[in-house]
Amino acid sequence: VIIVPLLGMLWGDKALVMTWLGAFFWALHVQFIARFSPRVDPIRLSLVQALFTSLISFGVGFFREAFVPQQVLTTSLPILYGGVISIGIDYTMQVVAQRAAKPAHAAIILSLESVFAVFWGWLLLGEILTVRVLSGSALMLIGMLISQIRLTRPLKPGQDREADQDSVSRRRQIQG
Amino acid sequence: MQQIGPFILNGFHFLAGGITLLLVMIWRMKSAPGVPGDLKSILLIGSAAGLLLFLVQLFNSWGWFILLRAKPVLSPACM
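Colleague: A description of the overall build of chain A should follow, citing residues and the corresponding values.
Modeller: The helix and strand tally for chain A stands at 9 helices and 0 strands. Mapped from its N terminus to its C terminus, chain A presents α and β elements in the order α-α-α-α-α-α-α-α-α. Scored against the burial criterion, the 176 residues of chain A give a buried share of 31%. For chain A, restricting intrachain contacts to residue pairs at least 6 apart in sequence, the fraction spanning at least 24 positions comes to 55%.

What follows is the structure, encoded as structure tokens:
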């Protein structure tokens, strides 16, 4: 998510720069939700969030794009599916879950979105899983697991990991 | 064939999600009235979160469209 777009920036690839910007704002969104979601009702927060995003999108869309009502009617079922499942349920679940989960943990699970998409596409839509798709999913899963491996000394029985880290950082502050 | 642009498509997606949540909220208010929450805070936090979400969608969608060397529009078949 971070390294590949940064390499793209060095090579002057605009698409990767934009992807990196997307990842940056996504990380901001995860942090923002983690900070503010415990303060308000999650359903109401998700509702305002969805309507505000819709409003801005329509605002930009009406200036930049041709609006064809017939096409919207033709594609109303996929739009409804994406809206109800992805926006209505998915983003609300994120807000609800982040009231308790740490932002780093939530970000790792959320970054598996494409892996879940592949899985449900295979299960529900009967999509064919190519070697490339399976390799990509496996790499993402491995990356997620590696990010969770802690390269610290083993804890003694009954010792709390967070408390241990806090005590180490406090000790460093005192020594420094 | 006329195609739906990504912004309008995004607008309809989020509108459908918003309407779903509105229905859930109305149902919740009927079954368990008195859900706590300061309206001003909800509007402020929700709008800021919505703006961030729009920026995520903006850069991701347009980034991938350029990456795939495709036109910045979605046909119904793409969905």
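Colleague: Tell me about the packing of helix α3 (residues 42–64) of chain A against helix α5 (residues 76–97) of chain A, and please be specific about residues and values.
Modeller: Residues and elements named next belong to chain A. Contact geometry for α3 and α5: axes closest at 9 Å, N-to-C directions at 130°. In terms of orientation, α3 and α5 fall into the oblique class. Every pair of crossing elements has a handedness; the one defined by α3 and α5 is right-handed. Contacts between α3 and α5 involve Pro-42, Ile-43, Leu-45, Ser-46, Gln-49 and Ala-50 from the former and Ile-87, Tyr-91, Thr-92, Val-95 and Val-96 from the latter.

Colleague: Residues and numbers for the confidence of the model for chain B, please.
Modeller: Residue and element names in this part refer to chain B. Within chain B, residue pLDDT values average 75, and 63% of them lie at 70 or more. Below pLDDT 50 for its whole length, residues 69–79 participates in 24 contacts with residues either more than four positions away or in separate chains. As scored by the predictor, the complex reaches a pTM of 0.72 and an ipTM of 0.78.

Colleague: Got a sec to walk through the nonpolar core? Specific residues and values, please.
Modeller: Among the nonpolar cores identified, the biggest contains 15 residues, and Phe-25, Phe-32, Ile-33, Val-40 and Leu-45 of chain A together with Ile-45 of chain B are the most heavily contacted of them. Where this core is concerned, the elements lending two or more residues are α2 (14–36) and α3 of chain A together with α2 (39–67) of chain B. Per-element accounting of this core gives the leading share, 7 residues, to α2 of chain B. Excluding residues within four positions of it along the chain, Ile-33 of chain A makes contact with Pro-38, Leu-45, Gln-49, Gln-94, Val-95 and Gln-98 of chain A together with Ala-49 of chain B. The next biggest cluster of nonpolar side chains, apart from the first, holds 7 residues, and it includes Phe-58 and Ile-79 of chain A together with Ile-4 and Leu-9 of chain B.

Colleague: I'd like a rundown of the interface of chain A and chain B, residues and numbers included.
Modeller: The interface is formed by 52 residues belonging to chain A together with 52 residues belonging to chain B. At the boundary of chain A with chain B, total buried surface from both sides reaches about 4900 Å², with 80% on carbon and sulfur atoms. Applying the counting rule to chain A against chain B returns 1 salt bridge. The residue Asp-41 of chain A makes a salt bridge to Arg-28 of chain B at a minimum N-O spacing of 3.2 Å. Our count for the chain A to chain B interface comes out at 5 residue pairs in polar contact (both at pLDDT 80 or more). Listed by contribution, the elements that provide at least two residues to the side of chain A that touches chain B are α2, α3, α4 (69–74) and α5 of chain A. With 19 residues, the single largest contributor to the side of chain A that touches chain B is α3 of chain A. In the side of chain A that touches chain B, the residues fall into 32 nonpolar, 15 polar and 5 charged.

Colleague: Hey, could you go over the side chain of Ser-46 of chain A for me, with residue numbers and the actual values?
Modeller: Position of Ser-46 of chain A among the secondary structure elements: in helix α3. Classification of Ser-46 of chain A by relative accessible area gives buried; the value is 2%. Among all residues touching Ser-46 of chain A, those that are not within four sequence positions of it are Tyr-91, Thr-92 and Val-95 of chain A together with Leu-21 of chain B.

The rules behind each value
- Residues numbered from 1 in each chain as written.
- Chains lettered and ligands numbered in written order.
- Predicted model: local features only at pLDDT ≥ 70, side-chain atom pairs only at ≥ 80, totals over all residues.
- Heavy atoms only, no water.
- Helix = DSSP H or I, 4+ residues; strand = E, 2+ residues; numbered from the N terminus.
- Buried < 20%, exposed > 50% of the residue type's maximum accessible area, 1.4 Å probe, protein only.
- Contact = heavy atoms within 4.5 Å.
- Axes fitted to C-alpha atoms, helices over the stretch in contact; angles between N-to-C directions.
- Parallel < 35°, antiparallel > 145°, perpendicular 65-115°, else oblique.
- Left-handed = near helix turned anticlockwise from the far one by under 90°.
- pLDDT = per-residue confidence, 0-100.
- Core = buried A, V, L, I, M, F, W, Y, C linked by side-chain atoms within 4.5 Å.
- Buried area = accessible area lost by both parts, 1.4 Å probe.
- Salt bridge = Lys/Arg side-chain N within 4 Å of Asp/Glu carboxyl O.
- Polar contact = N/O pair within 3.5 Å; in protein donor to acceptor, adjacent residues only side chain to side chain.
- Nonpolar A, V, L, I, M, F, W, Y, C, P; charged D, E, K, R; others polar.

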